[in-house]
Amino acid sequence: MGAIKSALTRSYVGVFASAGLQTLYSDIVPVDQIWCIQRFAFEGNLATSGGNTRARYYADRSGVRQPLAEQDAPAADTLYWDADPFWLYPGDKLALEWDQGQASTTLKMHLRGYWTEAKEGIV
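Residues numbered from 1 in each chain as written. Predicted model: local features only at pLDDT ≥ 70, side-chain atom pairs only at ≥ 80, totals over all residues. Heavy atoms only, no water.

Let us look at the pairing of strand S9 (residues 105–117). Here eleven bridges tie strand S1 (residues 6–16) to S9, and the two strands are oriented antiparallel to one another. Across the sheet, residue serine 11 finds its bridge partner in S9, namely histidine 110. Two strands pair when backbone bridges link them, and strand S3 (residues 33–44) and S9 are joined in this way by eleven bridges, in the antiparallel orientation. Residue pairing across strands places alanine 41 opposite histidine 110, the latter belonging to S9. (Pairing = 2+ DSSP bridges. Helix = DSSP H or I, 4+ residues; strand = E, 2+ residues; numbered from the N terminus.)

When their charged atoms lie close together, side chains carrying opposite charge are able to pair. What the rule picks out here adds up to seven salt bridges. Across the pair arginine 10 and aspartate 27 runs a salt bridge, and its minimum N-O distance is 3.9 Å. With arginine 10 in strand S1 and aspartate 27 in the loop between strand S2 (20–25) and S3, this pair connects stretches of sequence that are 17 residues apart. Among the residues examined, arginine 10 registers a relative accessible area of 28% and is labelled partly exposed. For aspartate 99, the salt bridge identified is with arginine 54, shortest N-O distance 3.9 Å. Residue aspartate 99 is found in strand S8 (residues 93–101), and its partner arginine 54 is found in strand S4 (residues 54–61); the two are separated by 45 residues along the sequence. When its relative accessible area of 8% is taken as the criterion, arginine 54 is described as buried. One connected set of salt bridges, linked through shared partners, spans Arg54, Arg65, Glu97 and Asp99. (Salt bridge = Lys/Arg side-chain N within 4 Å of Asp/Glu carboxyl O. Buried < 20%, exposed > 50% of the residue type's maximum accessible area, 1.4 Å probe, protein only.)

This next bit is on the packing of aromatic side chains. Ring pairs (aromatic) are described by centroid distance and by the angle formed between their planes. Scanning the model with the defined rule gives six aromatic pairs in all. Look at phenylalanine 42 and tyrosine 80: their rings are 5.5 Å apart centre to centre, the planes differ by 25 degrees, and that puts the pair in the stacked class. Of this pair, phenylalanine 42 sits in strand S3 while tyrosine 80 sits in strand S6 (residues 80–82), placing them 38 residues apart in sequence. According to the relative accessible area criterion, phenylalanine 42 is buried, its value standing at 3%. An aromatic cluster is defined as three or more aromatic residues linked by ring pairs; in this entry it consists of Phe40, Phe42, Tyr57, Tyr80 and Phe86. The ring of tyrosine 114 is capped by lysine 5, whose NZ or CZ atom sits 4.7 Å from the centre of that ring. One residue, lysine 93, lies across the ring of tyrosine 25, its end atom 4.4 Å from the ring centre. (Phe/Tyr/Trp six-rings, centres within 6.5 Å; stacked < 30°, edge-to-face > 60°. Lys NZ or Arg CZ within 6 Å of the ring centre and 35° of its normal.)

Take a look at the structure:
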C-alpha cells in the first residue's frame, strides 16, 4: 500500500510597485508535508525590459536556492508552464523571479499536484 496523496492546488498573486527584480513566493511547505508539483504555471501582465530579462523559478530553503528552470525574455500576458514534476520538502518555498520587471507588474503563479506526509517520503 502506497502513501496517501492529498490534492494540492495553490495560486499566488503579487503586485510590485517598483521596477527591477521582483520575486513572488509560495507558502512554506509545512514541517510534516512533502509537496509534489506536477504542473507549475506562471505569467506576468508586463514584459520584462532591458538588460538580463528572464523569469526563473527555484526551490528556496532559508535563502539557499535550488534552480528548477527559467524562461528568457518572458512576454506580457503569456502563460508559461512546466509539467515536469518536482518536489518541495519541509521548510521549502517556491520562488518566481521576474528580472528587470517594470513598475506595477502583477505576477501570478499556480501549483497543482499533491502532498503527502513527510514520514512517508517521496512516492
